[in-house]
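If you want the building blocks of each chain, they are given just below.
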Amino acid sequence: MSETSDVARRRLPHRAWLVAGVALVAIVGAAGFRATPGVMITPLEEEFGWTRGTISLAVSVNLVLYGLTAPFAAALMDRLGMRRVVAVALLLVSLGSGLTVFMTASWQLVACWGVLVGLGTGSMALVFVATVTDRWFVRHRGVVTGVLTAGGAAGQLVFLPVLAWIAEGPGWRTAALVVAAAALAVVPLVWFFLRDRPEDVGLTALGATADSAPARPAPAASGGGAAARAVRVLASAARTRSFWFLAGGFAICGASTNGLVGTHFIPAAHDHGMPETVAAGLLALIGIFDITGTIFSGWLSDRVDPRVLLGAYYGLRGASLLVLPSLFAATTQPSMLIFIIFYGLDWVATVPPTVALCRRIYGPDGAVVFGWVFGSHQVGAAIAAVAAGVTRDHLGHYDAAWYGAGALCALAAIMSLRVSRGRGATAEPEPVPAAVAADGGGAAARARA
C-alpha cells in the first residue's frame, strides 16, 4: 500500500507548484491593493481639497512601510510561518482599506492607507517571493521568482482599470470597499493551502538533492526574536560594500517605478487632458508587458551574470524616462505606446537578478537581506512620491521629476556593476561579517567581493 502511495505521489505535480500558485494569488492581490492610491489622487483632491503633496504623503508612508516591513516579515516567516504572517497581512489590508470610507481628515488617510495597508502589503512584498522560492524550489528557482514577481504586474493589470472605472462612476469609496472585500476573500485560500516548508508535508524542495537542499537559517540566539534576527542580519550585511550597492540601486529602482510612475503617471497624464480611465489602462498595459519582461528576466538570471542584467535594465529605464515628458498628450499616441511597451518590459525585471545576488552573496540569510534591500526600494519610492507631488504643486508640471529619475537610473546602473559576483568570485574579498565568519568557509565564500 505504501509503495502504491509513493508511486501515486510521484505521478502528481510537486506540492511546490500549489504553494507557488497560492503565493501568486496573494502577491497579485497585494500589488493591486498597494497600487490603488494612483486612481484615488484626483477624486480625493476634488472632494476634500487636499493638495497632491498632502495626498502623496499618505502614499509615501504606505511605500516606506511596504518596504521597511519586509525584512521583519521575512524573519517572522522563519519564526511563525508564511501562512500566519500572510493571513494577518491580508486582514490588515482589508481593515485599512475599509476604514477609509469613514475618513474626514488627511491624517486618517495616512493612518488607514499609509499605515495599515502599508504594513499589510509589506508583509506580502517581494521577500515573500524570496522566501517561497528559497524553501520550495531548487530547480526552476529563477523562473518561479520571475513569475511570482510578475504577479505584481498582474495585480496592477487586474485592479487598476477596474478601480479607475469604479472611482469615476460609483465613487472612490466603492473602490476602497472592493479592495477590502478582495483582500478578505484571499485569507481562506492562504490559510488552507499555503504551507511553510516542504518538510511539513513530508517532501523536499522541488529539484533538491543532498547538496542543493535549501539551507535553514541559523537559529536565533537566546532571547532574540524575529525582529532581533532581522537587525542582526542587517548589521552583518551592512559591513559589505555589495549591500550598499544593491540597496542604493534598488532605492533608485523604487523611485523610478512605484514612487514616480506608479503613483503619478495617471495624474500627470490627466494634466495633459487624458481621461483617468485611459491613463489607468496604459498603466495596466505596463503590467501586461511587465509579466513577460520579469519572467524572461528570471530565466536570464539563471544563465547571465545578474550584475550585467541590472546594469542594462537601469540604463535603459533611465533613457526611457528622459523622453517621457515629451510623450504626454490628450490622446494615446504611438510614441506613448512604444514607451509603455518598453517600460513595461523593464518595470520589475530588476527583481530576479537582485534576489539571485542576495542569495549568492548572503546564503541562508539572503531572503532577509533582500528584505532590507527591498526596504531601500520603498524608501526611494516614498521620497519620489512626495518629491514629485511637491514638484507638481510648485511648478505646475512633473517634468523635473521625470528628468531627475532618468539621471538617477544611470547612477544605479553603475552601482549594479560594482556588486560582488557571489559564489565562485575570484576578486578581492569584502570585509566578512563576524556572523558570516562564524558559519564557516561556505558562508565566507559567499561573502567575497
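As the structure is a prediction and not an experimental result, all values here were calculated from the model.

Glancing now at the overall build of the protein chain. Broken down by element type, the protein chain carries 19 helices and zero strands. The burial tally for the protein chain puts 56% of its 449 residues in the buried class. A sequence separation of at least 24 residues applies to 83% of the contacts in the protein chain between residues at least 6 apart. Total accessible area on the protein chain stands at roughly 17300 Å², and carbon and sulfur atoms take up 66% of it.

For the protein chain, the average pLDDT comes to 80, and 85% of its residues sit at 70 or higher. Looking over the protein chain, one finds the lowest element-wise mean pLDDT in helix α19 (residues 441-446), namely 38, and the highest in helix α17 (residues 399-416), namely 94. pLDDT under 50 marks residues 1-8. Its contacts with residues more than four places away, or in other chains, come to zero contacts. Across residues 424-449, where pLDDT falls below 50, the model places 41 contacts with residues more than four positions away in sequence or in other chains.

Let us look at a nonpolar patch on the surface. A surface patch of nonpolar side chains, about 410 Å² in accessible area, is lined by L18, W191, F192 and F193. Looking at the nonpolar patch, the element that brings in the most residues is helix α9 (residues 172-193), giving three residues. Under the relative-accessibility criterion, L18 is labelled partly exposed at 38%.

On to the packing of aromatic side chains, then. The final tally for this structure, using the stated rule, is twelve aromatic pairs. Arranged with centres 5.2 Å apart and planes meeting at 65°, the rings of W17 and F137 form a pair that is edge-to-face. A residue pair is termed long-range when its members are at least 10 positions apart, and W17 in helix α2 (residues 15-35) and F137 in the loop between α7 (126-136) and α8 (141-168) qualify at 120 residues. Look at F265 and F328: their rings are 5.6 Å apart centre to centre, the planes differ by 45°, and that puts the pair in the tilted class. Remark: F328 occurs in the loop between α13 (306-323) and α14 (334-346) and F265 occurs in helix α11 (residues 241-271); sequence separation between them is 63 residues. For the residue pair F265 and F328, the accessibility class agrees, reading buried in each case. Positioned above the aromatic ring of W191, the side-chain terminus of R83 is 4.4 Å from the ring centre.

A few words now on the nonpolar core. Counting residues in hydrophobic clusters, the biggest one holds 118 residues, and the most contacted among them are V86, L90, F128, V261, M336, F370 and W402. No other element matches α11, which puts 13 residues into this core. Each residue touching F128, except ones within four places of it in the same chain, is listed here: A23, A26, I27, M77, M82, V86, S123 and L194. The next biggest cluster of nonpolar side chains, apart from the first, holds five residues, and it includes L63, A381, A382 and A385.

Our focus in this paragraph is the environment of S123. Relative to the helices and strands, S123 resides in the loop between α6 (106-122) and α7. For the pair formed by S123 and L90, sequence separation is 33 residues and the distance between their alpha carbons is 8.8 Å. Apart from the residues lying within four places of it in its own chain, the contact partners of S123 are T69, A73, M77, V85, A89 and F128.

On to the packing of helix α4 (residues 52-80) against helix α5 (residues 82-99), then. Packing of α4 against α5 leaves a shortest axis separation of 7 Å and a crossing angle of 130°. By the angle class used here, α4 and α5 are oblique. Contacts between α4 and α5 involve L76, M77 and L80 from the former and M82, R84, V85 and V86 from the latter. Its residues assigned to classes, the contact of α4 with α5 shows six nonpolar, no polar and one charged.

Turning next to helix α12 (residues 276-301). Between the first and last C-alpha of α12 there are 36 Å, a value that for 26 residues agrees with the 38 Å anticipated at 1.5 Å per step. Its maximal kink placed at D290, α12 deviates by approximately 30°.

On to the environment of P43, then. Locating P43 in the fold gives a position in helix α3 (residues 37-48). Residues P43 and W172 lie 129 residues apart in sequence; the distance between their C-alpha atoms is 6.8 Å. Apart from the residues lying within four places of it in its own chain, the contact partners of P43 are W172 and E276.

The final tally for this structure, using the stated rule, is six salt bridges. Note that D346 and R317 form a salt bridge whose closest N and O atoms lie 2.8 Å from each other. Note that D346 is positioned in helix α14 and R317 in helix α13, a separation of 29 residues in sequence. Each member of the pair, D346 as well as R317, is classed as buried.

What follows covers the side chain of D290. Structurally, D290 is set in helix α12. For the buried D290, no salt bridge exists, and the shortest N-O distance to an oppositely charged side chain is 7.6 Å, to R317. Within the local environment of D290, its side chain forms a polar contact with the side chain of T294, the two groups lying 2.7 Å apart.

Here we come to the environment of A180. Relative to the helices and strands, A180 is located in helix α9. A180 sits in the buried class, given a relative accessible area of 8%. Expressed as a C-alpha distance, the spacing of A180 and F33, which sit 147 residues apart in the sequence, is 8.6 Å. The residues contacting A180, other than those within four sequence positions of it, are S94, S97 and G98.

Before going further, it helps to examine the packing of α4 against α7. Direction vectors running N to C along α4 and α7 enclose 35°, while the axes themselves pass 9 Å from each other. The handedness of the crossing between α4 and α7 is right-handed. Residues A70, A74, M77 and D78 of α4 form the contact with α7, whose own contacting residues are V127, F128, T131 and R135. The residue makeup of the contact of α4 with α7, split by class, is five nonpolar, one polar and two charged.

What counts, and at which threshold
Here the residue index of a chain counts from 1 through its sequence in written order. Under the rules for a predicted model, residues below a pLDDT of 70 receive no local features and side-chain atom pairs below 80 are neither given nor counted, while totals for whole chains, interfaces and linings still include all residues. Derived side-chain values reflect all non-hydrogen atoms in the structure, with water molecules and hydrogen atoms excluded from consideration. By definition, any uninterrupted DSSP run of H or I lasting at least four residues is a helix, any uninterrupted run of E lasting at least two residues is a strand, and each is numbered from the N terminus. Remark: exposure states derive from per-residue accessible area (1.4 Å probe, protein chains only) relative to the maximum for the residue type, with buried under 20%, exposed over 50%, and partly exposed in between. Contacts between residues were defined by any pair of non-hydrogen atoms, one from each residue, lying within 4.5 Å. In this description, accessible areas are obtained by the Shrake-Rupley approach with a 1.4 Å probe, and a residue is regarded as covered only by the protein chains that are shown. Summary of the metric used: pLDDT quantifies the predictor's per-residue confidence within the range 0 to 100. Two joining distances apply to patches: 9 Å for like charges and 5 Å for nonpolar side chains (Val, Leu, Ile, Met, Phe, Trp, Tyr), and every residue must have over 30% relative accessible area and no salt bridge. Salt bridges are defined as contacts in which a side-chain nitrogen from Lys or Arg sits within 4 Å of a carboxyl oxygen from Asp or Glu. Stacked, tilted and edge-to-face are the three classes assigned to paired rings of Phe, Tyr and Trp, where Trp is represented by its six-membered ring and a pair needs centres within 6.5 Å; plane angles under 30 degrees give stacked, over 60 edge-to-face, the rest tilted. Think of it as a cone above the ring: NZ of Lys or CZ of Arg counts as a charge over the ring if it is within 6 Å of the ring centre and within 35 degrees of the ring normal. Nonpolar cores were defined as sets of buried Ala, Val, Leu, Ile, Met, Phe, Trp, Tyr and Cys residues, with membership established by side-chain atoms within 4.5 Å. Fitting a line to C-alpha atoms yields each axis, with helices limited to the stretch in contact; the angle taken between N-to-C directions then spans 0 to 180 degrees. The cut-offs work like this: below 35 degrees is roughly parallel, past 145 is roughly antiparallel, 65 to 115 is roughly perpendicular, and the gaps in between are oblique. All residues other than Ala, Val, Leu, Ile, Met, Phe, Trp, Tyr, Cys, Pro, Asp, Glu, Lys and Arg, Gly among them, are scored as polar; the first ten of these are nonpolar and the last four charged. Helix span is expected to be 1.5 Å times the residue number reduced by one. One axis is fitted to the seven residues ending at the residue and one to the seven starting there. The bend at that residue is the angle between these axes. Neither His nor the chain termini are counted; the positive set is Lys and Arg, and the negative set is Asp and Glu. N or O atoms closer than or at 3.5 Å make up a polar contact, with two conditions inside protein: a donor-capable atom paired with an acceptor-capable one, and, for residues adjacent in sequence, both atoms drawn from side chains. Crossing handedness is defined as follows: a turn of the near helix away from the far one that is anticlockwise and smaller than a right angle gives a left-handed crossing, while the clockwise case is right-handed.

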